[in-house]
Amino acid sequence: MEAKKSSYLEMRFLIPKHSAEIIIGSNGCNIKRLHMEYCAMLNISGNVTMERILTVGGFDVPTMVNMLEDVIAGLKRTLTELRYGETDTIGMLLDETEVEYVTSIDDYQLNQILEESGTHIDVFLMCCPHSSERVIRIRGEPGCIASCVASLYQLLEWCPAPVNRCPYNADNANEEYAADYGGYTNFDDLTEQAMDISSEDVNVDETKDIGAKMTTRSSSSVNPESKIAADDPTASCITSKVSIPSHLAGVILGKGGSRLNQIRHESMASIKIDSEIHAEERVMTIAGTAESVENAKELLRMWYLL
């Protein structure tokens, strides 16, 4: 297979509303500066939700990457000064065909990219609403993130062009499932529900005897995302944390997150799974009233998952 010929390229990233405002700057001063300093296109979508699409486009990848590094560095400076949320991550949007290509290459090649760039990546299982795009969350210093993005796009030169690409429109953002696809909420509380790139799929039958491998611990906590707590502010909420083998994350999530969403809906509990690259265990957090937490655990037991 031959690499694609040089042509106009667009890099797309999912960012929260407040980051978009920082990139634009007062009266558009910062985005004008970026356009003047770099021979590349930079555009931020105008949406009614908490999410925005940042697009960097051009014919010269190094210039585009330099612009991206400038953008991320500016965001980090401002967010650090404001003590506002995460300052060292950005979500790259890729078609699911491209994501599968990146995650299917040999571990040595991908690990080499991460080691050389000094970054950490999380791959979200679920496509963004009404699209064929998925989020790859990249963590690291601005220059490291830019280097990782450059390496991934260089790798994608060998990827066959997606047949039915359907770009994500942030107007379709869904706060209920934001944690599953890497989106943002009105609380700007991004909680990752991503699958580690080293995770392996297993059959449900293989999980019947995993009870001894799991430990649970509970503590009183107020969880604003609990649906029951939202309906009844006086309800007492608890949080139960369960350690599970990393390779079981895919089983719990189900195809496209369908099984996890079903359990959430039926139990009325908030359920989230941490993402740690190369970690042997993942932490699943179940939150809500005592009844909803127990209901969630019972549903997980029915799937031989707890």
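One structure accompanies this document, and this report is about it. What you see is a predicted model, and the numbers here were worked out from it, not measured in a lab.

## Re the packing of aromatic side chains
Summed over the entire model, instances satisfying the criterion amount to 2 aromatic pairs. When the centroid spacing of 6.1 Å and the interplanar angle of 65° are considered together, the rings of Tyr168 and Tyr181 count as edge-to-face. Of this pair, Tyr168 sits in the loop between helix H6 (142-156) and helix H7 (178-181) while Tyr181 sits in helix H7, and the two are 13 residues apart along the sequence. Of the residues examined, Tyr168 reaches a relative accessible area of 3% and is grouped as buried.

## Considerations on the nonpolar core
In this structure, Ile23, Leu42, Leu54, Ile138 and Val149 are the most contacted members of the largest nonpolar core, which totals 44 residues. Beyond its immediate sequence surroundings of up to four residues, Ile23 is in contact with Ile15, Asn30, Ile31, Leu34, Leu42, Ile44, Leu54, Val71 and Leu75. Counting 15 residues, the second-largest nonpolar core is a separate cluster that includes Leu253, Leu260, Ile263 and Ile271.

## Details of helix H11 (residues 290-302)
Between its first and last C-alpha atoms H11 spans 19 Å; for 13 residues at 1.5 Å apiece the expected length is 18 Å, and the two agree. Those residues of H11 that fall on the buried side of the exposure criterion are Ser292, Val293, Ala296, Lys297, Leu299 and Leu300. Seen end-on, H11 carries its buried residues on one side only, within an arc spanning 160°. What points out from H11, more than 90 degrees from its buried face, is the exposed set Glu291 and Met302.

## Description of the pattern of salt bridges
Side chains bearing opposite charge may pair, as long as their charged atoms lie close to each other. Inspection of the entire model under this criterion finds 8 salt bridges. For the salt bridge of Arg165 with Glu98, the shortest nitrogen-to-oxygen distance reads 3.1 Å. In this pair, Arg165 is assigned in the loop between H6 and H7 and Glu98 in helix H4 (residues 96-104), connecting sequence segments 67 residues apart. Residue classification places Arg165 among the partly exposed residues on the basis of a relative accessible area of 40%.

## A word on the pairing of strand S6 (residues 133-139)
Across the 7 residues of S6, 6 count as buried, placing the element largely inside the fold. Both strand S5 (residues 120-124) and S6 contribute to a ladder of 4 bridges, which runs antiparallel. Across the sheet, His120 pairs through a bridge with Arg139, a residue of S6.

## Focus on the environment of Asn164
Relative to the assigned elements, Asn164 resides in the loop between H6 and H7. Among the residues examined, Asn164 registers a relative accessible area of 66% and is labelled exposed. Considering only alpha carbons, one finds Asn164 and Ser132, 32 residues apart in sequence, at a separation of 7.9 Å.

## Regarding unusual backbone geometry
Although it is not a glycine, Asn27 sits at a positive phi angle of roughly 55°. When you line up the elements, Asn27 lands in the loop between helix H1 (17-24) and helix H2 (29-37). Residue class for Asn27 comes out exposed when judged on its relative accessible area of 74%. One non-glycine residue, His130, adopts positive backbone phi at about 55°. Here His130 is to be found in the loop between S5 and S6.

## Some remarks on helix H10 (residues 258-267)
Residues of H10 that are buried: Arg259, Leu260, Asn261, Ile263, Arg264 and Ser267. As for H10, its buried residues are in contact with H7, helix H9 (249-253), strand S10 (270-273) and H11. One or two residues past the end of H10 sits Met268, with phi positive at roughly 65°.

## As for the side chain of Thr119
With respect to the helices, strands and loops of the structure, Thr119 is situated in the loop between helix H5 (107-117) and S5. Given the relative accessible area of 11%, Thr119 is considered buried. Separated by 2.7 Å, the side chains of Thr119 and Ser117 make a polar contact. Residues within four places of Thr119 in sequence aside, it is in contact with Leu114, Ile138, Arg139, Cys144, Ile145 and Cys148.

## A word on the environment of Asn295
In this structure, Asn295 sits in helix H11. Owing to a relative accessible area of 32%, Asn295 belongs among the partly exposed residues under this scheme. Note: C-alpha distance between Asn295 and Glu266 (29 residues apart in sequence) is 8.1 Å.

Rules used throughout
- Residues numbered from 1 in each chain as written.
- Predicted model: local features only at pLDDT ≥ 70, side-chain atom pairs only at ≥ 80, totals over all residues.
- Heavy atoms only, no water.
- Phe/Tyr/Trp six-rings, centres within 6.5 Å; stacked < 30°, edge-to-face > 60°.
- Helix = DSSP H or I, 4+ residues; strand = E, 2+ residues; numbered from the N terminus.
- Buried < 20%, exposed > 50% of the residue type's maximum accessible area, 1.4 Å probe, protein only.
- Core = buried A, V, L, I, M, F, W, Y, C linked by side-chain atoms within 4.5 Å.
- Contact = heavy atoms within 4.5 Å.
- Expected span 1.5 Å × (residues − 1).
- Arc of directions from axis to C-beta.
- Salt bridge = Lys/Arg side-chain N within 4 Å of Asp/Glu carboxyl O.
- Pairing = 2+ DSSP bridges.
- Polar contact = N/O pair within 3.5 Å; in protein donor to acceptor, adjacent residues only side chain to side chain.

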